[in-house]
Amino acid sequence: MIFLIKVLLVPSSDYLGHPFPQRHNQLFERLHDGTNFEVHVARFKLFEKPMLKSNLVMHELTGKSGDRVASYYLMSAFSHASQIRKIVTQENIDVVVLSNLAAPLAFNLMEELSSLHVPTVFDLPDYYPTSAAGYMANVNGSFGRFLTWTFDSILSYMLKRSNLVTAASIALANYASKKGADEVLQIPNGISKEFLKLHDGANLRKELGYTQDDLVVGYIGSVEFWLDMRTLIDGLVLVKNSGLRAKLLIVGERLLTGYSQKVRKWLQQAGLEGCTTWLRFVPYEKVPEFISAIDVGTIPFDLSNKTAYFAAPNKMWEYLSQMKPVISTPIPEVVTNSDCLLTAVTPDEYAKNLRLVGEGDQSVYSKTLVGHNRTMDRTWDNSAKQIGLALRTLLE
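Residues numbered from 1 in each chain as written. Predicted model: local features only at pLDDT ≥ 70, side-chain atom pairs only at ≥ 80, totals over all residues. Heavy atoms only, no water.

Caption draft 1: Quick peek at the overall build of the chain. Regarding its fold elements, the chain presents 16 helices and 13 strands. In terms of overall dimensions, the chain has C-alpha extents of about 70 × 45 × 40 Å along its principal axes. Looking at the chain residue by residue over its 396 residues, the buried ones come to 55%. Contacts in the chain between residues far apart in sequence, at least 24 positions, make up 74% of those at least 6 positions apart. Working note: accessible area of the chain is about 17200 Å², and carbon and sulfur atoms make up 52% of it. In the chain, which carries 40 positive and 40 negative side-chain charges, the distance between the mean positions of the two groups comes to 3 Å. (Helix = DSSP H or I, 4+ residues; strand = E, 2+ residues; numbered from the N terminus. Buried < 20%, exposed > 50% of the residue type's maximum accessible area, 1.4 Å probe, protein only. Contact = heavy atoms within 4.5 Å. Areas by Shrake-Rupley, 256 points an atom, 1.4 Å probe, with all protein chains shown as cover. Lys, Arg positive; Asp, Glu negative; His and termini not counted. Charge placed at Lys NZ, Arg CZ, Asp CG, Glu CD.)

Here is the structure:
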């Protein structure tokens, strides 16, 4: 029987530099704090100033950062892979969890030449080919499509070589199976303890200048290229023209691209600047209060972008945890939970659903209640237990 399992995580991004906790922070902090797991992290130092704290054993990878994310990963791929192999040997790592493209590819290629005989798990939080290509080019352009095809080939190779693939969404799990992964397990995203009780956002709502008559439409999260904010904005224009006092609250900002500047331009062109409040990222523990201050949460994904199509948005459960109706574009994860929320693709559909929310439609309340009840099982604690059991089973 294995009493202590030593795990090395090669995360999807800078484990400490991201402005809010991501899937790997949520899962592996809990795994490490539990019994019988010691989790090490190979940290990609994309950001000089850490934004998050961690209890894990941190190993900072050296390498040339360059001016862009892509150049950092590509220029340092084999150096990072060598450092990762060294950590595995020196720390007597039992299992490696990979979740990136460049360094894991180099790691796998080195394993072909000289295997460390350590099992590998590949975790899929999102669809890497378009999320990586999107930082380098327009994914719908010819160069972007070429990059996506290239990264998809790389990802397929690594999925086939992994002993186990874990995926955040049903769509990603199906994708991994179709690409030839031997064993695939869906481990869903979830919510933290801060979301397990209803918060009162009345005072915050007043501080933000909203009245009871305002229909506050919220978006909380990164403002990046996998979104379709333009259609949501056009829907808000239709709602305002129909007489509803609709206001837009955005809590979040750009990560690494200029997409947010396009959003600001669209708001200006639509004449919505005066009824839009745009805040920077807020501390994660404050997010439930901000959700409580809105009337409806939105997930305006771009259906033509595979990063969005394959997503498992935990903001869906965060909105629902506070009994807020949700309007989302119909990606597979949303369609699977269609009894919990409303879907929209066009400005007219956004406007129609926003009117239903504004009118207090009973069917909207019923869906929201179903979703709220479902959130109680969609916790990060449960997902951490699942990945712990999967790792233990793999090593037995």
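Further notes follow.
Caption draft 2: Summary view of helix H1 (residues 23-33). For H1, the buried fraction is high: nine of the 11 residues fall into the buried class. Among the residues of H1, Arg23, His24, Asn25, Gln26, Leu27, Phe28, Glu29, Leu31 and His32 are the ones counted as buried.

Caption draft 3: A look at the sheet that holds strand S4 (residues 95-98). In space, the seven strands of this open sheet follow the order S3-S2-S1-S4-S5-S6-S7, with parallel pairing throughout. The open sheet has two edge strands, strand S3 (57-60) and strand S7 (184-186), and neither has a second partner. When strand polarity is set aside, the average angle formed by the axes of neighbouring strands in this sheet is 20°. Pairing between strand S1 (residues 5-10) and strand S2 (residues 37-43): five bridges, direction parallel. Along S2, the bridge assignment pairs Leu8 with His40. Across the sheet, H1 lies against S1, S2, S3, S4, strand S5 (120-124) and strand S6 (164-167), angled at about 145° from S2, the strand it touches most. Where helix H2 (residues 69-90) meets the sheet, it contacts S1, S2, S3 and S4, and its direction lies at approximately 170° from that of S1. (Pairing = 2+ DSSP bridges. Axes fitted to C-alpha atoms, helices over the stretch in contact; angles between N-to-C directions.)

Caption draft 4: Examining the environment of Tyr210 more closely. Along the polypeptide, Tyr210 turns up in the loop between helix H7 (202-207) and strand S8 (215-220). With 62 residues separating them along the chain, Tyr210 and Thr148 place their C-alpha atoms 43 Å apart. Leaving out residues up to four positions away in the same chain, Tyr210 has contacts with Arg205, Val216, Lys247, Leu248, Leu249 and Thr277. Reaching out from Tyr210, the side chain makes a polar contact with the side chain of Thr277 at a distance of 3.3 Å. (Polar contact = N/O pair within 3.5 Å; in protein donor to acceptor, adjacent residues only side chain to side chain.)

Caption draft 5: Structural context of the layout of surface pockets. Its volume calculated, the second largest pocket comes out at about 730 Å³. Along its surface, the second largest pocket is lined by 27 residues, and Pro19, Phe20, Pro21, Leu52 and Tyr284 are the ones closest to its centre. When residues in the lining of the second largest pocket are grouped by element, the largest group, five residues, is from H1. Class assignment for the residues of the lining of the second largest pocket results in 11 nonpolar, four polar and 12 charged. (1 Å grid on protein atoms, 1.4 Å probe; cavity = no way out; pocket = protein on both sides within 12 Å on 5 of 7 lines; lining within 4 Å. Points joined across faces, edges and corners; volume = space filled by probe spheres on them. Nonpolar A, V, L, I, M, F, W, Y, C, P; charged D, E, K, R; others polar.)

Caption draft 6: Fine view of helix H3 (residues 102-113). End to end, H3 covers 17 Å across 12 residues, agreeing with the expected 16 Å (1.5 Å per residue, within 8%). With respect to burial, H3 is a largely interior element, nine of its 12 residues being buried. Every buried residue of H3 is accounted for by Ala102, Ala103, Pro104, Leu105, Ala106, Phe107, Asn108, Met110 and Glu111. (Expected span 1.5 Å × (residues − 1).)

Caption draft 7: Spotlight on the pairing of strand S9 (residues 246-251). Counting buried positions along S9 gives six out of six residues, so the element sits mostly inside the fold. Because side chains alternate across S9, one face comprises the buried residues Ala246, Leu248 and Ile250, and the other comprises Lys247, Leu249 and Val251, equally buried. Taken together, the six bridges between S8 and S9 define a ladder with parallel strand orientation. Residue pairing for S9: Leu215 is matched across the bridge by Ala246.

Caption draft 8: Structural detail: the environment of His40. Assignment of secondary structure puts His40 in strand S2. Separated by 172 residues in the primary sequence, His40 and Gln212 have C-alpha atoms spaced 49 Å apart. Engagement of the side chain of His40 in a polar contact is seen with the side chain of Glu38, the distance being 2.7 Å.

Caption draft 9: Summary view of the sheet that holds strand S10 (residues 276-279). Pairing within the open sheet is parallel, and its six strands lie in the order S10-S9-S8-S11-S12-S13. Lying at the two open borders of the sheet, with one neighbouring strand each, are S10 and strand S13 (342-343). Of the strand pairs in this sheet, S9 and S10 are connected by four bridges, and their pairing is parallel. Bridging across to S10, Leu249 finds its partner in Thr277. Contacts from helix H14 (residues 347-358) reach S8, strand S11 (296-299), strand S12 (326-328) and S13 within the one sheet, and its direction differs from that of S8 by about 120°.

Caption draft 10: Quick look at the packing of aromatic side chains. Overall, the coordinates contain 12 aromatic pairs when judged by the stated rule. Ring centres of Phe225 and Trp226 lie 5.0 Å apart, and the angle between their planes is 70°; this geometry places the pair in the edge-to-face category. Side by side, Phe225 and Trp226 carry an identical accessibility label, which is buried. Through a chain of ring-to-ring contacts, the aromatic side chains of Tyr127, Tyr175, Tyr309 and Phe310 assemble into a single cluster. Taking the ring centre of Trp278 as reference, the NZ or CZ of Arg264 above it sits at 3.9 Å. (Phe/Tyr/Trp six-rings, centres within 6.5 Å; stacked < 30°, edge-to-face > 60°. Lys NZ or Arg CZ within 6 Å of the ring centre and 35° of its normal.)

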